[in-house]
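Spelled out from the first residue to the last, the chains are:
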Amino acid sequence: MLSNEEFIRQSLELNLFFLRIMKEHAFFLEAAFGSKDNSLAQQADTLKCELTTLLAETIMLADGVISPEVLASGELVTKFTFEAERATEFYSGIQLDKELSRMGLCLDKKLTPSISSLLLDQVSALNQKAITATTVLADYKSKLLQDILSCKIFTFNYPLLIDHILREARFYLKILYQLQTRQVVNLLEDIIDQEKFWNRIMAEHAKFIRGLLDPTEVALFETANRFGKVFDALTNQAITMTTQTTILPQLSSKTIKATASLRDFKTAATEGLIQCKIRALAVPLLADHVLREANHYLRLLTTFNARLQ
């Protein structure tokens, strides 16, 4: 079983990353409805507010408890996040709690955990609240996807994007349940599962970027298209790892290089959208969102690679 210290640290690190991702999913859904579906937009806004409250609670509990590596990774907040939120709030007219981004940047980088029974109870309760809220969000996404595919609802989001963010919610729930039951996962199985999952996510990010670019952005379109193909291939290779685990270290090293390159591309895209230098049907927060996911995956890959050596 996980120690109390590991349970607290892993839970808070997971929630700091994924609660922000989930609340932004709710925002992306809300912003893409037409006026006819205002009630659905309001449901998404309610979910966004609930997840924002949970993220604020997580930040308050996390100071001095989470690892310096996570804080330095850029997966929680980037140097662009606050400005991306400011610009996106201006474009959409939908309120975002930008102060949480400032708070995230100010978390204590020195690991000085004080493990008390109170903190243990608070983190366990937080996990349960995150499970409840994310389950509601996942159900909302699932119903929305069904209605989109049966032509009952129109949204400006791709159906694949809805499916994409539904898979992310279910992946988050899977890890939350593992933590709540103090499961110690098999390292090799976890690495393979993470790479299969995140390689597909990275491939789809590239395809979403490609599809949201203005037709005049030819060079960026071609770069995004290339990344989509690279990560499709890496996804297929990761799937074979269940029977060919001996080449996992080689695949992980290859994936690190590809993810670092994609991260750099997303960094440039985020900066370009904030500075109004890229023509696209994408708000800056979407670019910062996928950048943080690449940073998260890159940290995981680096950790995995070190353990495989």
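Details of the structure are given in the entry above.
Residues numbered from 1 in each chain as written. Predicted model: local features only at pLDDT ≥ 70, side-chain atom pairs only at ≥ 80, totals over all residues. Heavy atoms only, no water.

Looking now at the side chain of glutamate 30. Checked against the element boundaries, glutamate 30 lands in helix H1 (residues 4–31). Here glutamate 30 is buried and forms no salt bridge, its nearest opposite-charge partner lysine 48 lying at an N-O distance of 4.1 Å. (Helix = DSSP H or I, 4+ residues; strand = E, 2+ residues; numbered from the N terminus. Buried < 20%, exposed > 50% of the residue type's maximum accessible area, 1.4 Å probe, protein only. Lys, Arg positive; Asp, Glu negative; His and termini not counted. Salt bridge = Lys/Arg side-chain N within 4 Å of Asp/Glu carboxyl O.)

End to end, helix H9 (residues 218–239) covers 32 Å across 22 residues, agreeing with the expected 32 Å (1.5 Å per residue, within 8%). Within H9, the full set of buried residues consists of Ala224, Phe227, Gly228, Phe231, Leu234, Thr235 and Ala238. In an axial view of H9, the angular spread of the buried residues amounts to 135 degrees, which keeps them on one side of the axis. Away from its buried face by more than 90 degrees, H9 exposes Ala219, Glu222 and Lys229. Among the structural elements, helix H8 (187–212) and helix H10 (248–274) are those in contact with the buried residues of H9. (Expected span 1.5 Å × (residues − 1). Arc of directions from axis to C-beta. Contact = heavy atoms within 4.5 Å.)

Helix H2 (residues 38–62) packs onto H1 with a crossing angle of 160 degrees between their chain directions and a minimal axis gap of 8 Å. It follows from the interaxial angle that H1 and H2 lie roughly antiparallel. Regarding H1 and H2, the two cross each other, and that crossing is left-handed. (Axes fitted to C-alpha atoms, helices over the stretch in contact; angles between N-to-C directions. Parallel < 35°, antiparallel > 145°, perpendicular 65-115°, else oblique. Left-handed = near helix turned anticlockwise from the far one by under 90°.)

In this structure the tally under the stated criterion is 21 salt bridges. Among the salt bridges present, the one from aspartate 163 reaches arginine 167, with a minimum N-O distance of 2.9 Å. Within this pair, aspartate 163 and its partner arginine 167 are both found in helix H7 (residues 159–180), separated by 4 residues, close to a single helical turn. Between arginine 200 and aspartate 163 there is a salt bridge, and its shortest N-O distance comes to 4.0 Å. Here arginine 200 is found in helix H8, whereas its partner aspartate 163 is found in helix H7, with 37 residues between them in sequence.

On to the side chain of threonine 78, then. For threonine 78, the position within the fold is in the loop between helix H3 (68–72) and helix H4 (81–92). Residue classification places threonine 78 among the buried positions, given a relative accessible area of 7%. A polar side-chain atom of threonine 78 sits 3.0 Å from the main-chain amide nitrogen of phenylalanine 80. (Polar contact = N/O pair within 3.5 Å; in protein donor to acceptor, adjacent residues only side chain to side chain.)

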